[in-house]
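# Inside the fold
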Amino acid sequence: LKKINRTLTLDKLDDLSIVIGEILINAEEHSTTKHRFSIGYFQELKQNGNHFGIFKLIILNFGKTIYDKFKDPGCPNKDAVNKMKLLSEQYTKRKYFVFKSFNEETLWTLYALQDGVTSIAPERYTKRGHGSIQFIESFFNIKGKMKEKDDVSKMTILSGNTNITFNGNYNITEKEVNGENFKYMTFNTSGNIEDKPDSKYVKFVDNYFPGTIICAKILFNNDDLILKK
C-alpha cells in the first residue's frame with residue numbers, strides 16, 4: 001500500500017482481517033495434518049490514469065476434505081450430519097444429483113459453509129460454525145454489492161472434487177429460524193438450500209484436491225483506500 005501512497009479505510013481493514021483471520025482459524029481447526037500453508041502478494045497497477053492494487057491470497061491444508069470430515073463415521077457433530085443426509089435424500093428424490101456435474105460431495109461442501117454448521121462437536125466450540133459465513137460476508141463487503149461491486153474480486157474454494165466460486169452474482173441471504181437469525185449462501189434465487197445451486201458457481205470438477213484450498217483475488221480501488229497523510 002505504501003507503493004501507491006494509500007492506506008485502507010478502517011471498515012475495509014476490519015473486513016480484510018476477518019477474511020484472512022477466519023480462513024486461517026478454519027484451516028487450523030479442521031486440518032487433519034499439522035501444517036497449513038499460505039502465500040499472498042499485492043500487485044500495483046496503473047490503468048487509464050487510475051492507480052490501484054490487487055491483493056492475491058491462497059491458504060490451504062492437506063488431509064481430509066470438507067466432505068470427508070462430515071462423511072467420517074466418527075464426525076462429532078451428528079446433528080449436522082443427519083441434516084446433510086436428509087438433504088441428500090431430498091436431492092435424490094428430486095433428481096438433482098447428476099454424475100460428474102453435481103453430487104453429494106458438492107452438496108455437503110456447500111452446506112458446510114452455512115451459518116451454524118461445523119464438523120466440530122458443539123459442546124467443544126459453542127460459538128464456532130459461523131466462521132465460513134463471516135469471511136464470505138467480509139469478502140463481499142470489500143468487493144461491494146449490486147452496482148457498487150467490482151468485476152475483478154473473486155474467491156474460490158476447492159475441496160476434493162468440489163469447486164465453489166464467489167464473484168458477487170449471488171449474495172448472502174438472512175432468515176429467522178426459531179427466533180434466531182441465520183445467514184445462508186445458497187447460490188440460487190430462492191435463498192433456500194433445498195433448491196439446487198447454480199452449477200456455474202457450485203460444481204464437481206475432475207481434478208481432485210486432497211484437502212481444502214481457498215484462493216482470493218481482491219481489488220483495492222478508491223472506494224477502499226484513502227490518501228496517506
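As a starting point, this report considers the structure included with it.

What counts and what doesn't
- Residues numbered from 1 in each chain as written.
- Predicted model: local features only at pLDDT ≥ 70, side-chain atom pairs only at ≥ 80, totals over all residues.
- Heavy atoms only, no water.
- Helix = DSSP H or I, 4+ residues; strand = E, 2+ residues; numbered from the N terminus.
- Buried < 20%, exposed > 50% of the residue type's maximum accessible area, 1.4 Å probe, protein only.
- Core = buried A, V, L, I, M, F, W, Y, C linked by side-chain atoms within 4.5 Å.
- Contact = heavy atoms within 4.5 Å.
- Expected span 1.5 Å × (residues − 1).
- Arc of directions from axis to C-beta.

## Let's talk about unusual backbone geometry
With phi around 50°, Asn-48 is a residue other than glycine that occupies positive phi space. Inspection of the secondary structure puts Asn-48 in the loop between β2 (36-47) and β3 (50-62). The backbone phi angle of Phe-187 is positive, close to 60°, even though this residue is not glycine. In this fold, Phe-187 is placed in the loop between β6 (180-184) and β7 (202-220). The exposure class of Phe-187 is buried, given its relative accessible area of 2%.

## Section: the nonpolar core
Within the largest apolar cluster, 46 residues are counted, with the highest numbers of intra-cluster contacts made by Phe-70, Ile-136, Met-155, Phe-166, Met-185, Phe-187 and Ile-218. Counting residues per element, the ones that place at least two in this core are α1 (10-30), β3, α2 (66-71), α3 (78-93), α4 (104-111), α5 (131-143), β4 (154-166) and β7. The element best represented in this core is α5, accounting for six residues. Sequence-distant contacts of Ile-136, defined by excluding residues within four places in its chain, comprise Leu-113, Met-155, Phe-166, Ile-172 and Met-185. Formed by five residues, the second largest nonpolar core is a distinct cluster that contains Leu-60, Leu-158, Phe-209 and Ile-213.

## Here's the deal with α3
The α-helix advances 3.6 residues per turn, and as a result positions three or four apart in sequence lie on the same side. Taking 1.5 Å per residue, 16 residues should reach 22 Å; α3 reaches 23 Å between its end C-alpha atoms and fits that length. Looking at α3, one finds that the buried residues are Ala-80, Val-81, Met-84, Leu-87, Ser-88 and Tyr-91. Seen end-on, α3 carries its buried residues on one side only, within an arc spanning 120°. Where α3 terminates, the next one or two residues include Lys-95, which has phi positive at roughly 55°.

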